[in-house]
Amino acid sequence: MIFDNPTNERAVSSYAWWGQVLLGSVAVWGWSELADRVRTGDIAADFLRPVPPYLSYLAADLGRGALALLVRGAPMIVIGSLYSGMTFPAGPVEWALGLVSIALAVAIAFLGHYLVNCIAFWIIEIRGILLAYGIVATLFAGLYVPVHWFPDWLRALAAATPFPSLIQTPIDILSGYAAGPGAARLVAIQVGWVLGLGIGVYGDLKADIVDVSYQLGGRTQFATDVTVIPPATPET
(Lines give C-alpha, C1' and ligand atoms only; values in the text may rest on other atoms or scores of the structure.)
Protein backbone atom coordinates (compact mmCIF):
# COMPACT_ATOMS: atom_id res chain seq x y z
CA MET A 1 0.00 0.00 0.00
CA ILE A 2 1.41 3.38 -0.97
CA PHE A 3 -0.13 6.78 -0.28
CA ASP A 4 2.24 8.19 -2.89
CA ASN A 5 -0.03 6.70 -5.57
CA PRO A 6 -3.36 8.57 -5.70
CA THR A 7 -4.83 5.89 -7.99
CA ASN A 8 -4.53 3.23 -5.30
CA GLU A 9 -8.18 3.03 -4.27
CA ARG A 10 -7.61 0.93 -1.16
CA ALA A 11 -4.91 3.31 0.03
CA VAL A 12 -7.17 6.35 -0.46
CA SER A 13 -10.08 4.59 1.23
CA SER A 14 -7.95 3.61 4.22
CA TYR A 15 -6.57 7.12 4.51
CA ALA A 16 -10.07 8.60 4.54
CA TRP A 17 -11.41 6.20 7.14
CA TRP A 18 -8.40 6.41 9.44
CA GLY A 19 -8.65 10.18 9.18
CA GLN A 20 -12.24 9.96 10.39
CA VAL A 21 -11.13 7.72 13.26
CA LEU A 22 -8.59 10.33 14.39
CA LEU A 23 -10.66 13.43 13.77
CA GLY A 24 -12.63 13.11 16.99
CA SER A 25 -9.59 12.49 19.17
CA VAL A 26 -6.98 14.89 17.77
CA ALA A 27 -8.16 18.48 18.20
CA VAL A 28 -6.78 19.84 14.94
CA TRP A 29 -9.40 22.60 14.89
CA GLY A 30 -8.30 23.95 18.24
CA TRP A 31 -10.06 25.54 21.17
CA SER A 32 -10.14 28.91 22.93
CA GLU A 33 -11.04 28.11 26.54
CA LEU A 34 -7.74 29.35 27.93
CA ALA A 35 -7.93 32.59 25.95
CA ASP A 36 -11.49 33.11 27.19
CA ARG A 37 -10.39 32.63 30.80
CA VAL A 38 -7.56 35.10 30.30
CA ARG A 39 -9.98 37.65 28.89
CA THR A 40 -12.41 37.28 31.83
CA GLY A 41 -9.65 37.14 34.45
CA ASP A 42 -10.60 33.64 35.63
CA ILE A 43 -7.11 32.41 34.77
CA ALA A 44 -5.85 33.95 38.05
CA ALA A 45 -7.77 31.26 39.93
CA ASP A 46 -6.13 28.56 37.80
CA PHE A 47 -2.68 29.69 38.97
CA LEU A 48 -3.74 29.19 42.61
CA ARG A 49 -4.54 25.52 42.11
CA PRO A 50 -2.02 22.80 43.08
CA VAL A 51 -1.62 21.63 39.48
CA PRO A 52 -0.27 23.98 36.78
CA PRO A 53 -2.97 24.93 34.25
CA TYR A 54 -1.31 23.22 31.30
CA LEU A 55 -1.23 19.86 33.12
CA SER A 56 -4.88 19.98 34.13
CA TYR A 57 -5.93 21.03 30.63
CA LEU A 58 -3.73 18.32 29.10
CA ALA A 59 -5.19 15.61 31.35
CA ALA A 60 -8.70 16.66 30.37
CA ASP A 61 -7.79 16.65 26.67
CA LEU A 62 -6.23 13.19 26.86
CA GLY A 63 -9.38 11.90 28.52
CA ARG A 64 -11.52 13.54 25.85
CA GLY A 65 -9.38 12.01 23.12
CA ALA A 66 -9.60 8.52 24.63
CA LEU A 67 -13.39 8.73 24.91
CA ALA A 68 -13.71 10.00 21.34
CA LEU A 69 -11.55 7.12 20.11
CA LEU A 70 -13.90 4.62 21.72
CA VAL A 71 -17.22 6.31 20.94
CA ARG A 72 -16.45 7.73 17.48
CA GLY A 73 -13.29 6.02 16.28
CA ALA A 74 -14.17 2.38 16.90
CA PRO A 75 -17.46 2.53 14.95
CA MET A 76 -15.63 4.23 12.06
CA ILE A 77 -13.18 1.32 11.88
CA VAL A 78 -16.05 -1.17 11.70
CA ILE A 79 -17.97 0.84 9.08
CA GLY A 80 -14.87 1.51 6.98
CA SER A 81 -13.84 -2.14 7.03
CA LEU A 82 -17.27 -3.34 5.93
CA TYR A 83 -18.02 -0.59 3.43
CA SER A 84 -14.87 -0.14 1.36
CA GLY A 85 -12.11 -1.97 3.18
CA MET A 86 -9.17 -0.72 5.26
CA THR A 87 -5.60 -1.71 5.86
CA PHE A 88 -4.20 -2.24 9.35
CA PRO A 89 -0.88 -2.49 11.18
CA ALA A 90 1.23 -5.51 10.34
CA GLY A 91 1.53 -6.84 13.90
CA PRO A 92 1.02 -6.21 17.64
CA VAL A 93 4.10 -3.99 17.88
CA GLU A 94 2.75 -1.70 15.16
CA TRP A 95 -0.68 -1.68 16.84
CA ALA A 96 0.96 -0.59 20.10
CA LEU A 97 2.99 2.08 18.31
CA GLY A 98 -0.20 3.25 16.59
CA LEU A 99 -2.00 3.74 19.89
CA VAL A 100 1.02 5.54 21.35
CA SER A 101 1.12 7.70 18.23
CA ILE A 102 -2.52 8.72 18.75
CA ALA A 103 -1.83 9.73 22.36
CA LEU A 104 1.21 11.74 21.29
CA ALA A 105 -0.81 13.38 18.49
CA VAL A 106 -3.43 14.48 21.03
CA ALA A 107 -0.67 15.91 23.25
CA ILE A 108 1.03 17.74 20.36
CA ALA A 109 -2.26 19.24 19.20
CA PHE A 110 -3.02 20.40 22.74
CA LEU A 111 0.41 21.92 23.37
CA GLY A 112 0.36 23.82 20.08
CA HIS A 113 -3.07 25.28 20.71
CA TYR A 114 -2.15 26.05 24.33
CA LEU A 115 0.78 28.16 23.17
CA VAL A 116 -1.45 30.01 20.70
CA ASN A 117 -4.04 30.61 23.43
CA CYS A 118 -1.31 32.08 25.64
CA ILE A 119 -1.01 34.97 23.19
CA ALA A 120 -4.18 36.24 24.90
CA PHE A 121 -1.99 37.29 27.84
CA TRP A 122 -0.47 39.96 25.59
CA ILE A 123 -3.14 40.60 22.92
CA ILE A 124 -6.81 41.16 23.73
CA GLU A 125 -8.34 39.58 20.60
CA ILE A 126 -6.76 36.43 19.14
CA ARG A 127 -9.61 34.87 17.14
CA GLY A 128 -7.91 35.75 13.88
CA ILE A 129 -4.66 34.15 15.05
CA LEU A 130 -6.50 31.00 16.13
CA LEU A 131 -8.23 30.81 12.73
CA ALA A 132 -4.96 31.24 10.81
CA TYR A 133 -3.25 28.64 13.00
CA GLY A 134 -6.10 26.19 12.41
CA ILE A 135 -5.92 26.60 8.63
CA VAL A 136 -2.17 25.97 8.51
CA ALA A 137 -2.36 23.11 11.02
CA THR A 138 -5.10 21.22 9.18
CA LEU A 139 -3.33 21.61 5.83
CA PHE A 140 0.10 20.46 7.03
CA ALA A 141 -1.42 17.72 9.20
CA GLY A 142 -2.69 15.98 6.08
CA LEU A 143 -6.35 16.43 6.92
CA TYR A 144 -7.35 17.26 3.35
CA VAL A 145 -4.83 15.24 1.33
CA PRO A 146 -1.86 13.08 2.43
CA VAL A 147 1.31 15.03 3.04
CA HIS A 148 3.01 12.47 0.78
CA TRP A 149 1.15 14.03 -2.16
CA PHE A 150 2.55 17.51 -1.51
CA PRO A 151 5.17 18.97 -3.87
CA ASP A 152 8.68 18.39 -2.59
CA TRP A 153 9.13 21.96 -1.36
CA LEU A 154 5.79 21.97 0.48
CA ARG A 155 6.40 18.54 1.97
CA ALA A 156 9.76 19.74 3.28
CA LEU A 157 8.08 22.81 4.79
CA ALA A 158 5.44 20.66 6.48
CA ALA A 159 8.12 18.33 7.87
CA ALA A 160 9.70 21.30 9.66
CA THR A 161 6.49 21.75 11.69
CA PRO A 162 4.77 19.51 14.26
CA PHE A 163 1.59 19.34 12.18
CA PRO A 164 2.22 16.09 10.23
CA SER A 165 2.49 14.39 13.63
CA LEU A 166 -1.18 15.16 14.26
CA ILE A 167 -2.84 13.15 11.47
CA GLN A 168 -0.33 11.90 8.90
CA THR A 169 1.95 10.07 11.33
CA PRO A 170 -0.77 8.07 13.14
CA ILE A 171 -2.36 7.15 9.80
CA ASP A 172 0.99 6.01 8.39
CA ILE A 173 1.42 3.62 11.32
CA LEU A 174 -2.19 2.44 11.71
CA SER A 175 -2.63 1.81 7.99
CA GLY A 176 0.53 -0.24 7.71
CA TYR A 177 2.34 2.30 5.54
CA ALA A 178 5.08 2.51 8.17
CA ALA A 179 6.16 -0.58 10.10
CA GLY A 180 9.02 -1.75 12.30
CA PRO A 181 11.89 0.75 12.53
CA GLY A 182 10.04 3.18 10.26
CA ALA A 183 7.07 3.31 12.64
CA ALA A 184 9.37 3.66 15.66
CA ARG A 185 11.18 6.57 13.98
CA LEU A 186 7.87 8.38 13.41
CA VAL A 187 6.91 7.93 17.06
CA ALA A 188 10.35 9.21 18.11
CA ILE A 189 9.73 12.36 16.06
CA GLN A 190 6.42 12.83 17.87
CA VAL A 191 8.15 12.44 21.24
CA GLY A 192 10.63 15.12 20.20
CA TRP A 193 7.82 17.52 19.35
CA VAL A 194 6.08 16.82 22.67
CA LEU A 195 9.27 17.61 24.57
CA GLY A 196 10.00 20.73 22.51
CA LEU A 197 6.49 22.14 22.79
CA GLY A 198 6.32 21.15 26.46
CA ILE A 199 9.44 23.19 27.20
CA GLY A 200 7.89 26.10 25.32
CA VAL A 201 4.68 25.84 27.33
CA TYR A 202 6.57 25.72 30.64
CA GLY A 203 8.66 28.75 29.71
CA ASP A 204 5.56 30.61 28.62
CA LEU A 205 3.88 29.73 31.92
CA LYS A 206 6.56 31.62 33.84
CA ALA A 207 6.16 34.69 31.64
CA ASP A 208 2.36 34.56 32.01
CA ILE A 209 2.62 34.34 35.80
CA VAL A 210 4.76 37.47 35.76
CA ASP A 211 2.13 39.22 33.65
CA VAL A 212 -0.75 38.20 35.95
CA SER A 213 1.21 39.14 39.07
CA TYR A 214 1.88 42.66 37.79
CA GLN A 215 -1.78 43.05 36.92
CA LEU A 216 -2.72 42.00 40.46
CA GLY A 217 -0.31 44.64 41.73
CA GLY A 218 1.23 42.72 44.58
CA ARG A 219 3.52 39.92 45.66
CA THR A 220 1.95 36.65 44.57
CA GLN A 221 2.91 33.10 45.52
CA PHE A 222 1.24 30.76 43.06
CA ALA A 223 0.83 27.04 43.42
CA THR A 224 3.51 26.54 40.78
CA ASP A 225 7.20 26.74 41.57
CA VAL A 226 7.40 30.39 40.54
CA THR A 227 7.34 33.30 42.97
CA VAL A 228 6.92 36.74 41.46
CA ILE A 229 7.84 39.94 43.29
CA PRO A 230 7.04 43.13 41.39
CA PRO A 231 9.36 46.14 41.63
CA ALA A 232 9.20 48.11 44.83
CA THR A 233 7.36 51.41 44.73
CA PRO A 234 9.84 54.31 44.93
CA GLU A 235 9.76 56.13 48.26
CA THR A 236 8.49 59.70 48.24
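Located above this text is the structure these notes cover.
Nothing here was measured: the structure is a model prediction, and the numbers come from that model.

The rules we used
Residues numbered from 1 in each chain as written. Predicted model: local features only at pLDDT ≥ 70, side-chain atom pairs only at ≥ 80, totals over all residues. Heavy atoms only, no water. 1 Å grid on protein atoms, 1.4 Å probe; cavity = no way out; pocket = protein on both sides within 12 Å on 5 of 7 lines; lining within 4 Å. Points joined across faces, edges and corners; volume = space filled by probe spheres on them. Helix = DSSP H or I, 4+ residues; strand = E, 2+ residues; numbered from the N terminus. Nonpolar A, V, L, I, M, F, W, Y, C, P; charged D, E, K, R; others polar. Phe/Tyr/Trp six-rings, centres within 6.5 Å; stacked < 30°, edge-to-face > 60°. Buried < 20%, exposed > 50% of the residue type's maximum accessible area, 1.4 Å probe, protein only.

So, on to the layout of surface pockets. Its boundaries defined by the atoms lining it, the largest pocket holds a volume of some 340 Å³. Lining of the largest pocket is provided by 18 residues; of these, Ala 159, Pro 164, Thr 169, Asp 172 and Leu 186 occupy positions nearest its centre. Of all the elements in the fold, those that place two or more residues in the lining of the largest pocket are α7 (152-159), α8 (168-174) and α9 (181-216). Here the lining of the largest pocket is built from residues that sort into nine nonpolar, six polar and three charged.

All right, on to the packing of aromatic side chains then. Across all of its chains, the model carries nine aromatic pairs by this definition. The interplanar angle of 70° and the centroid separation of 6.5 Å between the aromatic rings of Trp 17 and Tyr 83 together place this pair among those described as edge-to-face. Here Tyr 83 lies in helix α4 (residues 53-83) and Trp 17 lies in helix α1 (residues 9-23), a separation of 66 residues in the sequence. Judged by relative accessible area, Tyr 83 falls into the exposed class, the value being 69%. Taken together, a centroid distance of 6.4 Å and an interplanar angle of 65° make the contact between Tyr 57 and Tyr 114 edge-to-face. Taken as a pair, Tyr 57 in helix α4 and Tyr 114 in helix α5 (residues 92-117) lie far apart in primary sequence, 57 residues in all. Each member of the pair Tyr 57 and Tyr 114 is classed as buried. By way of ring pairs, the aromatic residues Trp 31, Tyr 57, Phe 110 and Tyr 114 are connected into one cluster.

Shape descriptors only; they carry no functional weight alone.
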